[in-house]
Amino acid sequence: MNLLATVLLAFSMSADAFAAAIARGASMGKPSNSHIVKIALTFGVVETITPLIGYGAGTIAAPYIEVFDHWIAFGLLLVLGGKMIWESFSPDDEDEAETAVMPSKWFLLITAIATSIDSMIVGVTLAFLDVNIWLTALAIGSATTLMAAIGVKLGGVLGDVVGKRAEFIGGLVLIGIGTFILLEHLGYL
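Residues numbered from 1 in each chain as written. Predicted model: local features only at pLDDT ≥ 70, side-chain atom pairs only at ≥ 80, totals over all residues. Heavy atoms only, no water.

- Labelled according to an unreviewed UniProt entry, the protein appears under the name Putative manganese efflux pump MntP, originating from Kingella negevensis.
- Checking UniProt for the protein, the heading Function (unreviewed entry) contains the comment "Probably functions as a manganese efflux pump."
- According to UniProt, the comment filed for the protein under the heading Subcellular location (unreviewed entry) is "Cell membrane". (UniProt positions renumbered as here; feature names shortened; annotations may be inferred.)

In structure tokens form, the structure reads like this:
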């Protein structure tokens, strides 16, 4: 995977955290810099760890499915990207909006884990490709930290509008990467 694909993957993986950070920022009004750093680092650290976990699981399974691994990568990224696009059109849950104001550290951690499940799935996919998983996981975590910080800061001003658009664009990027992987393995690129 080249540098551009890694950067695109990293920022598309940060879309869920960005949307959640916007919601958190909107619920906080005007968050302090220490709150922004705490929230951003929580999202970033979790988002760095989950692709490594997925990669480990994928590496164990790789020898058994090498013949059709590109189809698996394409399918997972297509489904994940489609899910992100679908969710970008769905209205927010009222319960989700109510819990966004809860300042609990546990709630923040659970939110970070929930928004990083897609990175774990991508980690499984990356096990079938020639990638430096440490660099890729660090790129995903760094992009997520940056986007979560921006999201919290912008949350009070912009609300949910930007978050939904970021999720939509992230889904398109994942589908694009999956298509590129498939076409590359089939010899079209």
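There's more to say after this.
**Re the packing of aromatic side chains**
Then, number 1: The final tally for this structure, using the stated rule, is one aromatic pair.
Then, number 2: Ring plane angle 85° and centroid distance 6.4 Å describe the contact between Trp-71 and Phe-74, whose orientation is recorded as edge-to-face. In this pair, Trp-71 and Phe-74 both sit in helix α4 (residues 69–89), three residues apart, roughly one turn of the helix. (Phe/Tyr/Trp six-rings, centres within 6.5 Å; stacked < 30°, edge-to-face > 60°. Helix = DSSP H or I, 4+ residues; strand = E, 2+ residues; numbered from the N terminus.)

**Observations regarding the UniProt feature "signal peptide" (unreviewed entry) in the protein**
Then, number 1: Residues annotated in UniProt with the feature "signal peptide" (unreviewed entry) correspond here to residues 1–19.
Then, number 2: For residues 1–19, the end-to-end C-alpha separation is 26 Å, with 84% helix and 0% strand making up the annotated structure.

**A look at the side chain of Ser-116**
Then, number 1: Mapped onto the elements of the fold, Ser-116 is located in helix α6 (residues 105–126).
Then, number 2: By relative accessible area, which is 0% here, Ser-116 ends up buried.
Then, number 3: A distance of 2.9 Å separates a polar side-chain atom of Ser-116 from the backbone oxygen of Ile-113.
Then, number 4: Among residues more than four places away in sequence, those in contact with Ser-116 are Val-46, Glu-47 and Thr-50. (Buried < 20%, exposed > 50% of the residue type's maximum accessible area, 1.4 Å probe, protein only. Polar contact = N/O pair within 3.5 Å; in protein donor to acceptor, adjacent residues only side chain to side chain. Contact = heavy atoms within 4.5 Å.)

**Quick notes on the nonpolar core**
Then, number 1: Ranked by size, the top nonpolar core spans 18 residues in total, and within it Leu-9, Met-13, Leu-77, Val-122, Leu-126, Leu-174 and Ile-181 carry the most contacts.
Then, number 2: Breaking this core down by element, the ones donating at least two residues are α1 (3–13), α4, α6, α7 (133–158) and α8 (160–185).
Then, number 3: Ranked by the residues each element gives to this core, the list is headed by α4, at four residues.
Then, number 4: With sequence-adjacent residues up to four places away left out, Met-13 is seen in contact with Glu-47, Leu-80, Asp-118, Ser-119, Val-122, Ile-140, Thr-144 and Leu-174.
Then, number 5: Listed in part, the 12 residues of the second largest apolar core include Ala-17, Ala-20, Ala-40 and Phe-43. (Core = buried A, V, L, I, M, F, W, Y, C linked by side-chain atoms within 4.5 Å.)

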